[in-house]
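Spelled out, the chains give:
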Amino acid sequence: MPDDALSEHTPPAATPPSLAEAFWVWLRIGLLSFGGPAGQIALMHKTLVEERRWIGERRFLHALNYCMLLPGPEAQQLATYIGWLMHRTAGGLVAGLLFVLPGALVMLGLSIGYVLYGHTPLIAGLFFGVKAAVLAVVAEAILRIGKRALKTPVMIGLAVAAFLAIWLVQVPFPIIVLSAGLVGFLGERRWPGRFAQGGGHGAGGDGPDDGTGIIDAMFARGELEHTRPARGRSLRVFAVWLAVWLAPFILLWIGLGPESVWTRIAGFFSTMGAVTFGGAYAVLSYVAQAAVQAFHWMTPGEMADGLGLAETTPGPLIMVLQFVGFLAAYRHAGGLDPLLAGMLGALLTTWVTFAPSFLWIFLGGPYVEQLRGNRALSGALGAITAAIVGVIANLAVWFALHTLFRQTTAVTLFGVGPELPVLSSVDLRALVLAAIALLAMLRFKAGMVPTLIGCALAGLVLTSAAL
């Protein structure tokens, strides 16, 4: 590995780096991308804007705002977008794949270890503590996103409506997202300023530029022809990447039929890849309910375990879906060896989850400048973000029910209704541990990883004492 590829303070270059040089930079980012999207975006900003001067501040923020409009992991899409700007499709593939690959490999190893050793007393004790910490992590996410998104009564109302829709009547997550987007889009056109709340991570276009980078200089020299919209190219990109995304699902449907676990994995996670607005916490509420209650692939406790594993790996948190796909295939292996089936299920899930991200970037990248200042689209994004707060609140309630109580009961009317706890079944050990984790993160600003590790060790001690 070249030493200069890992230098913390490489001076800005007059010419763009080669794709081989960029490979090592993207690999380093992929290996160090812990801390969720905020930490990952901060890492890219420090590396690409401040240290290497590949891209200027204003263009970086504008690219990020575009990625926030898309379904899927915004940090991975931002990496793909910047890689595509500099080195065309090959650069986008290198950046996007290296952002995902380290975490995918780690998650696969953890999934194998989980099914082989997860029910031993030692591992079970560790995961008992992890579940309590996950509840605190999700609660902190609600507060963090809520402070940014719920600044008006309209936005608060959207969040409450989304929570009630998914908690009381189990409205599917995609419908909630699309409905909120439509409300924001039309509402911002009718009542300007009610829904659009700026660029989220930055205005991205109107403030002073803090400096230009190599990509900006390449634009100025007219070298980035691939960034200019062209109808023929767009049609080719759409056809190729739609096929890459959906080919596994279509082939499995034809070969194995709609009831096969493989077809269901491909179809379900293909849908998730298209509607995962608002980050992993938002979609996990819907995934958890479907994987546990509809498909019976896993238990609620295992879903919490998977999220805890994903929190400790590099890369997008949405990698937890790989854990779900692994368990689904592992337990419905048919004639295959269960471990081999699990690995294939993990690969299939990862493929259909992340393939759409490349489609959105390669197809939409040339048109991204047209999104500048579009208030209606900003209104749609603001409304979706507000609804996401309500969806994540439902996820927190779901985790709390299955972490703090040993039994729950469903209260239904016409076949739908919320799940409520049986109060006498409360697990006091889990309640105390979750309260400590919440206090550590919210009052003392403890980091996510230290909280997870501390709770895991505490869980081991508590379960050992109970033996």
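Predicted model only: the values in this text are computed from it and were never measured.

## Regarding the overall build of the protein
Broken down by element type, the protein carries 17 helices and two strands. Among the 467 residues that make up the protein, the fraction classed as buried is 52%. Of all intrachain contacts in the protein linking residues separated by at least 6 positions in sequence, the fraction that spans at least 24 positions is 75%. When the accessible surface of the protein is totalled, it reaches about 20,200 Å², and 68% of it is carbon and sulfur.

## Describing helix α7 (residues 173–190)
Because an α-helix completes one turn every 3.6 residues, residues spaced three or four positions apart along the sequence face the same direction. Between its first and last C-alpha, α7 extends 26 Å over 18 residues, near the 26 Å set by a 1.5 Å rise per residue. All of the buried residues in α7 are Phe173, Pro174, Ile176, Val177, Ala180, Gly181, Gly184, Gly187 and Glu188.

## Looking at the packing of aromatic side chains
For the structure shown, the criterion picks out 16 aromatic pairs. Between tyrosine 81 and tryptophan 84, the aromatic rings sit 5.8 Å apart at their centres with planes inclined by 45°, giving tilted as the arrangement. Remark: tryptophan 84 and tyrosine 81 occur in helix α4 (residues 74–117); sequence separation between them is three residues, near one turn of the helix. Look at tryptophan 84 and you get buried, because its relative accessible area is 1%. Ring pairs connect the aromatic residues Phe268, Phe269, Phe295 and Trp297, which therefore count as one cluster.

## So, the pattern of salt bridges
Under the counting rule described, the total for this entry stands at seven salt bridges. One salt bridge in this structure joins glutamate 51 and lysine 46, with 3.5 Å as the shortest N-O distance. One salt-bridge network, in which partners are shared between bridges, spans Arg406, Asp427 and Arg429.

## Notes on the side chain of glutamate 188
Checked against the element boundaries, glutamate 188 lands in helix α7. From its side chain, glutamate 188 meets the backbone nitrogen of phenylalanine 195 in a polar contact 3.0 Å long.

## Quick look at the environment of arginine 331
Counting through the fold element by element, arginine 331 comes out in helix α13 (residues 320–331). Contact partners of arginine 331, with chain neighbours within four places excluded, come to Trp297, Met298 and Glu302.

## Considerations on unusual backbone geometry
In the Ramachandran plot, arginine 53 falls in the positive-phi region, its phi being about 55° despite a non-glycine side chain. Tracing the backbone shows arginine 53 in the loop between α2 (36–51) and α3 (57–68). Notably, histidine 296 is not glycine yet its phi reads approximately 60°, a positive angle. Here histidine 296 lies in the loop between α11 (280–294) and α12 (300–311). On the basis of relative accessible area, histidine 296 is assigned to the exposed category, the value being 57%.

## Regarding the packing of helix α5 (residues 121–149) against α12
Viewed as axis vectors pointing N to C, α5 and α12 meet at an angle of 75°, and their least axial separation amounts to 9 Å. Classified by the interaxial angle, the pair formed by α5 and α12 is roughly perpendicular. Two secondary-structure elements touch here, α5 through Phe127, Val130, Lys131, Val134, Val137 and Val138 and α12 through Gly301, Ala304, Asp305, Leu307, Gly308, Leu309 and Glu311. Of the residues belonging to the contact of α5 with α12, the class tally is eight nonpolar, two polar and three charged.

## A closer look at the confidence of the model for the protein
A residue-level look at the protein finds 88% of positions with pLDDT of 70 or above and a mean pLDDT of 82. Residue range residues 1–13 is modelled with pLDDT below 50. Its contacts to residues more than four positions away, or to other chains, number 20 contacts. When the criterion is pLDDT under 50, residues 198–210 qualifies, and its contacts beyond four places in sequence or with other chains add up to 26 contacts.

Basis of the calculations
Residue numbers restart at each chain and count upward from 1, following the sequence in its written direction. Owing to the predicted nature of the model, reporting of local features is limited to residues with pLDDT of at least 70; listing and counting of side-chain atom pairs is limited to 80 or more, with chain, interface and lining totals taken over all residues. Each side-chain value is derived from all of the structure's non-hydrogen atoms; neither hydrogens nor water enter the calculation. Working definition: helices are DSSP H or I runs of at least four residues, strands are E runs of at least two. Numbering for both runs from the N terminus. Burial classes follow relative accessibility: with a 1.4 Å probe on protein chains only, a residue under 20% of its type's maximum area counts as buried, one over 50% as exposed, and anything between as partly exposed. Two residues qualify as a contact provided that any one of their heavy atoms is within 4.5 Å of a heavy atom in the partner residue. To measure how exposed things are, a 1.4 Å probe is used in the Shrake-Rupley method; for residues, cover is taken only from the protein chains shown. By this rule, a helix spans an expected 1.5 Å times one less than how many residues it contains. Stacked, tilted and edge-to-face are the three classes assigned to paired rings of Phe, Tyr and Trp, where Trp is represented by its six-membered ring and a pair needs centres within 6.5 Å; plane angles under 30 degrees give stacked, over 60 edge-to-face, the rest tilted. By convention in these notes, a salt bridge is any Lys or Arg side-chain nitrogen within 4 Å of a carboxyl oxygen on Asp or Glu. Whenever a nitrogen or oxygen atom comes within 3.5 Å of another N or O atom, the pair is scored as a polar contact, on the condition that within protein one atom can donate a hydrogen and the other can accept it, and that pairs from neighbouring residues in sequence are kept only if both atoms are in side chains. Between the N-to-C directions of two axes lies an angle of 0 to 180 degrees, each axis being a line fitted to C-alpha atoms and, for a helix, fitted only over the stretch in contact. Under this scheme an angle from 65 to 115 degrees is roughly perpendicular, one under 35 degrees roughly parallel, and one over 145 degrees roughly antiparallel; angles in between are oblique. Under this grouping Gly is polar, as are all residues other than the nonpolar Ala, Val, Leu, Ile, Met, Phe, Trp, Tyr, Cys and Pro and the charged Asp, Glu, Lys and Arg. For every residue, the predictor states its confidence as a pLDDT score lying anywhere from 0 to 100.

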